[in-house]
Structures are given as structure tokens and as C-alpha cells.
Amino acid sequence: MNDIREFLDQTEIMKRVRGLSDDTSNDNGKDRISALPNDVLCSIVDLLSIRDAIHTSTLSRRWKNIYAHKSTLEFDWRDIISNDANTYTRGNVAIRNVRNFQRSVEAILASYLGTKLESFKVQCCFGNEHPRYFKGWINFAIAKGVKNLELAFSCDELSERTDWRAIDYYNFPTHLLPSGEGSNLRHLSLRTCKLRLDNIFTDRFSTLTSLVLCDVKFVGRVEPSMFSSCSKLESLTLERCYGFESLHFDKLDCLKMLVVKRCEGLRSIRLISVINLTTFHCIGDHAELQLRLGRVPNLKDVHLMLKRINVRSFYAWLEKLIHPHYHTLVVAKCG
């Protein structure tokens, strides 16, 4: 607790939580919120940020360890490191900031008393320079049966990034993810990392229902049908990903939403017999990006922005192909 409180300013939040306690006291001065069952108090704490949840531990003995059962943990570099070093450029992140962030995260994990973790999120700015920290955090989340895992290894706005060569991409340890049908992991989001395509990838991603990959470099032998093993996938987002020329999404019966944005080097996308797909958004930077669609009977929401496209003819073709009662159909040429 002492390590945690060192980096938290309690003044404002304590005013609020004490005010809440006062407002919910009855005429006899009893705190009705504190009298609620533990599972209800834990549900309340789950609605708070980690910072605010920890502050509740000083309210009374009843609240002392409630925060340590929080089922959602989120660590954001910009919340913990209160200075200007919020963007990552090689050599620009002071080691003291890295250590402060690491100590803050690990102090909270060390005090954690919950048995199950619904969601675990980390966003930081030190890329591949300190990989040992990430492995421990990923192992912690997996051991707690996490369902929603979101890891971002950069904090900058991708649209404003000028020197892409300065980014030290984290080599994501896919082997740490749970394998097989016993995995609880359902949603995975990765930002600014390298992802190796191999048998481990095929096994570890097979239970996912939602996958978001942003600023990810694929390495190894990349097959167009690399997501074919993700038979339970309902939502897939690929934004500014690299390392592949073609994507095939054939017979992914559970896939409902597909978003592909500004993936450099991508030349073709094939969607055949994706019978439950309802939403397809695509922004293509490559001048020769080709789309092949067939047997997508439930497709109702389409947004396409391509560099080289005859808008009128493409629109007419799509209008015949997709669901007759479609909601949105947008076809445009991007600059």
C-alpha cells in the first residue's frame, strides 16, 4: 500500500468518496454503502479507475481491501507519468519514468487479491527496450483467467508520427497466451509490436471472438489465409499493419465485422462465403488494392475508400451484391 500511495494524490478523490459516504448515511449516522455485500462493493469499485479505487481503501476498514478485488485493471502511461515524455522516440524516454511506471504497475499487482480478471490493459511508451516487464504482466493476467487483454507499446498518435524508423517494435511473446479450448481469452488488442506467424499463433488465437491489431508488423511466413484458424472470430480490425500482400477471409462463419485501414503493402482482399458478415470498412493506401467479394448475404454496412477506383461502377456492383435492405453504402476515392 505504501508503494501505491507514493504516486497518488488523494486530496480530490477523498473529498468525493467521503462526500458519497456522507450522502448515503441514514439518520443514525450509518454508512449504508459500506453495509452492502462484498460483491456489490466490488461492482462499484469496478466502475472506478485504479487510482480512484485505491483511494477508497482509506474510507474505513470495510473498504480497506475492496480495491484489491477489482476485476478490471488499466494502466496508462499518461496517467502515471505526469510529464512531457508521453510519446515514444528512441532514446527519449527517461529510465526513471520507465522505472516509475514499472513500480506503479507491479505494486498494484502485488497487492491484488482477486481470483478472476475480466480485463487487463496497459499502454506505455518504452517499446522493446524493457521486455521483461511485459512478460511478467502478461503472465499475471493469463494466470488470472483474463478475458479482455489490451496491450499498447506506444502512446503517440499514428497519424502524426513522422519518423517510423525510430519506433522500436516490441517482439510480442505469443507463446505466453493460453492455448486450446481451455483459454478464457476472448478479446485481444495489440499496438506497436511484431507478431510472428507460426503454429503458436494458429493455436493461441483460435479461441478469440474479437481481435484488434494496430501498427503491427507481421514476421515469418505470412499466408493470405492466416486468420482461417480463428473460427470463432466475430470482429477483426487491422490498422496500419505490415508484412502481407493479400488477405483471404473465406468461410469464417462467425465473422460479423471486418475493418482494414491503411495497411501498407496490401494489394488484395478476398471475402468469399462469409455468410454472417454485416459490416465491412476498408481504407486502402495502395493504388492497386483489389477487392473480391462473393456470397456475403448479410452485408449491410459498407464503407470503402480506395486510391484507384471508379466510384460509380463500383457502387453499382456492390449495390447488387450486398443485402437488399442495406443500411449504409459509401464508396469514395481517397487522395
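That block above? That's the structure.
Residues numbered from 1 in each chain as written. Predicted model: local features only at pLDDT ≥ 70, side-chain atom pairs only at ≥ 80, totals over all residues. Heavy atoms only, no water.

## Digging into the packing of helix α6 (residues 95-110) against helix α7 (residues 131-143)
Selection rule: Helix axes are fitted to C-alpha atoms over the stretch in contact, other axes to C-alpha atoms as well, and angles between N-to-C directions run from 0 to 180 degrees. Secondary structure elements are taken from DSSP: a helix is a run of H or I of four residues or more, a strand is a run of E of two residues or more, and numbering for both begins at the N terminus. Convention used here: angles under 35 degrees read as roughly parallel, angles over 145 as roughly antiparallel, angles from 65 to 115 as roughly perpendicular, and any remaining angle as oblique. The handedness criterion is simple: a crossing whose near helix is rotated anticlockwise from the far helix by less than a right angle is left-handed, and one whose near helix is rotated clockwise is right-handed. Contacts between residues were defined by any pair of non-hydrogen atoms, one from each residue, lying within 4.5 Å. Ten residues, namely Ala, Val, Leu, Ile, Met, Phe, Trp, Tyr, Cys and Pro, are considered nonpolar, four, namely Asp, Glu, Lys and Arg, are considered charged, and the remaining ones, Gly among them, are considered polar.
Orientation of α6 relative to α7, taken along the N-to-C sense of each, is 20°, at an axis distance of 11 Å. One finds that α6 runs roughly parallel with respect to α7. Of the two possible hands of crossing, α6 and α7 adopt the one that is left-handed. In this structure, α6 uses V98, F101, Q102, V105, E106 and L109 to contact α7, whose residues at the interface are Y133, W137 and F140. Partitioned by chemical class, the residues of the contact of α6 with α7 number seven nonpolar, one polar and one charged.

## Side note on the state of the cysteines
Rule in force here: Cysteine sulfur atoms that pair up within 2.5 Å are treated as a disulfide. The buried label goes to any residue with under 20% of its type's maximum accessible area, the exposed label to any with over 50%, and the partly exposed label to all in between, with areas taken from a 1.4 Å probe on protein chains only.
In total, this model carries one disulfide according to the counting rule given. Between the sulfur atoms of C125 and its disulfide mate C155 the distance is 2.5 Å. The disulfide joining C125 to C155 has a torsion of about -125° about its S-S bond and is therefore left-handed. Of this pair, C125 sits in the loop between β2 (119-123) and α7 while C155 is found in the loop between β3 (148-152) and β4 (170-171), placing the two residues 30 residues apart along the sequence. What makes C155 buried here is its relative accessible area of 6%.

## Some thoughts on the packing of aromatic side chains
The line we're drawing: Geometry of aromatic contacts follows a simple scheme: Phe, Tyr and Trp rings, the Trp one being its six-membered ring, pair when their centres are within 6.5 Å, and the pair is stacked under 30 degrees between planes, edge-to-face over 60, tilted otherwise.
Within the structure shown, the criterion is met by 15 aromatic pairs. Ring centres of F227 and F249 lie 6.1 Å apart, and the angle between their planes is 15°; on these two criteria the pair is classed as stacked. Of the two residues, F227 sits in the loop between β6 (210-220) and β7 (235-239) while F249 sits in strand β8 (residues 246-250), which places them 22 residues apart along the sequence. For the pair F227 and F249, a shared accessibility class is recorded, and that class is buried.

## Comments concerning the nonpolar core
So the rule is basically this: Put simply, buried Ala, Val, Leu, Ile, Met, Phe, Trp, Tyr and Cys residues joined by side-chain atoms within 4.5 Å make one nonpolar core.
Membership of the largest hydrophobic core comes to 94 residues, with the highest contact counts inside it found for F75, F101, F120, F227 and F280. In terms of residue count, α7 provides more of this core than any other element does, seven residues in total.

## Description of the sheet that holds strand β12 (residues 290-294)
The test is simple: Should DSSP find at least two bridges between two strands, the strands are taken to pair.
Pairing is parallel in the open sheet, where three strands are placed in the order β8-β10-β12. Edge positions in the sheet fall to β8 and β12, since each has one partner strand and no second. Here the average twist between neighbouring strands, direction ignored, is 5°. In terms of strand pairing, β8 meets strand β10 (residues 268-272) through five bridges, oriented parallel. Its bridge partner lying in β10, F249 is registered against L271.

## Some details on unusual backbone geometry
The backbone phi angle of R262 is positive, close to 50°, even though this residue is not glycine. Within the fold, R262 resides in the loop between β9 (257-261) and β10. In this structure R262 comes out as partly exposed when scored by relative accessible area, which is 30%.

## Here we look at the pairing of strand β13 (residues 301-306)
Remark: a regular strand shows side chains that alternate across the two faces of the sheet. Counted only if it meets this: Handedness of a crossover is defined as follows: orient the strands so they point away from the viewer, and if the path from the first strand over the helix to the second runs clockwise, the crossover is right-handed.
Of the strand pairs in this sheet, strand β11 (residues 279-283) and β13 are connected by five bridges, and their pairing is parallel. Looking at β13, one finds that F280 is bridged to V302. Here β13 pairs with strand β14 (residues 328-333) via six bridges, running parallel. Counted as the bridge partner of L304 is V331 from β14. For the handedness criterion, the β-α-β arrangement of β13, helix α9 (residues 311-321) and β14 is classed as right-handed.

## Things to note about the side chain of Q102
Relative to the assigned elements, Q102 resides in helix α6. A relative accessible area of 14% means that Q102 is categorised as buried. Among residues more than four places away in sequence, those in contact with Q102 are Y133 and W137.

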